[in-house]
Amino acid sequence: LDSTSDASSDSILLVTFGVAILIGTFASELAGKTWDEMQAEMGEEKAKRGESANIQWNDMIGLKSEELPKMVQNWNRKLSESEEILNKFSKTEYERYKLSKDDH
């Protein structure tokens, strides 16, 4: 902010900066909600088909698992299994942590 400029140009700059921050915050919030909704919708569709609820990269670009080469299908299956194991482990450890914290 230049000391030779008048106060109105400084206030315009500050207002512009504030509006930019508000727009960025709104866009970030909207993107997060949209992502969550998309994840939930795709999970429901996969559950209806009897597939794992994990969303893979190919789902994001509209490819079905059956269209992928066998090697990639195997990779995705192993990746999903690993994610499920890690998620179960994380939940178990978090529950143990909460219980130990409650005991103290």
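Nothing here was measured: the structure is a model prediction, and the numbers come from that model. (Residues numbered from 1 in each chain as written. Predicted model: local features only at pLDDT ≥ 70, side-chain atom pairs only at ≥ 80, totals over all residues. Heavy atoms only, no water.)

(A) Region of interest: the pattern of salt bridges. Scanning all chains against the criterion turns up three salt bridges. Among the salt bridges present, the one from Arg77 reaches Glu81, with a minimum N-O distance of 3.7 Å. One end of the pair, Arg77, and the other, Glu81, are both in helix H3 (residues 70-103), four residues apart, so they sit about a helical turn from each other. Judged by relative accessible area, which is 40%, Arg77 ranks as partly exposed. For the salt bridge of Glu93 with Arg96, the shortest nitrogen-to-oxygen distance reads 2.8 Å. (Salt bridge = Lys/Arg side-chain N within 4 Å of Asp/Glu carboxyl O. Helix = DSSP H or I, 4+ residues; strand = E, 2+ residues; numbered from the N terminus. Buried < 20%, exposed > 50% of the residue type's maximum accessible area, 1.4 Å probe, protein only.)

(B) Representation of a negative patch on the surface in the model. On the surface, a cluster of negative charge is contributed by Asp36, Glu37, Glu41, Glu44 and Glu45. Structurally, Glu45 can be placed in helix H1 (residues 7-48). (Patch = residues over 30% accessible without salt bridge, like charges linked within 9 Å, V, L, I, M, F, W, Y side chains within 5 Å. Areas by Shrake-Rupley, 256 points an atom, 1.4 Å probe, with all protein chains shown as cover. Lys, Arg positive; Asp, Glu negative; His and termini not counted. Charge placed at Lys NZ, Arg CZ, Asp CG, Glu CD.)

(C) The confidence of the model for the chain, seen in detail. Scored by pLDDT, the chain has a mean of 83; 87% of the residues are at 70 or more. Element-level mean pLDDT values for the chain span from 70 in helix H2 (residues 57-60) up to 89 in H3. (pLDDT = per-residue confidence, 0-100.)

(D) Fine view of H1. Taking 1.5 Å as the rise per residue, H1 with 42 residues should run 62 Å; its terminal C-alpha atoms sit 62 Å apart, in good agreement. Looking at H1, one finds that the buried residues are Met42, Gly43 and Lys46. (Expected span 1.5 Å × (residues − 1).)

(E) Up close: a nonpolar patch on the surface. A cluster of nonpolar residues, Trp35, Met38, Met60, Ile61 and Leu63, forms a patch on the protein surface that exposes about 450 Å² of accessible area. Positionally, Trp35 belongs in helix H1.

(F) How the structure looks around the environment of Asn76. Along the polypeptide, Asn76 turns up in helix H3. On the accessibility criterion, Asn76 (7% relative accessible area) is buried. On a C-alpha basis, the gap between Asn76 and Ser65 in space is 8.6 Å, while along the polypeptide they are 11 residues apart.

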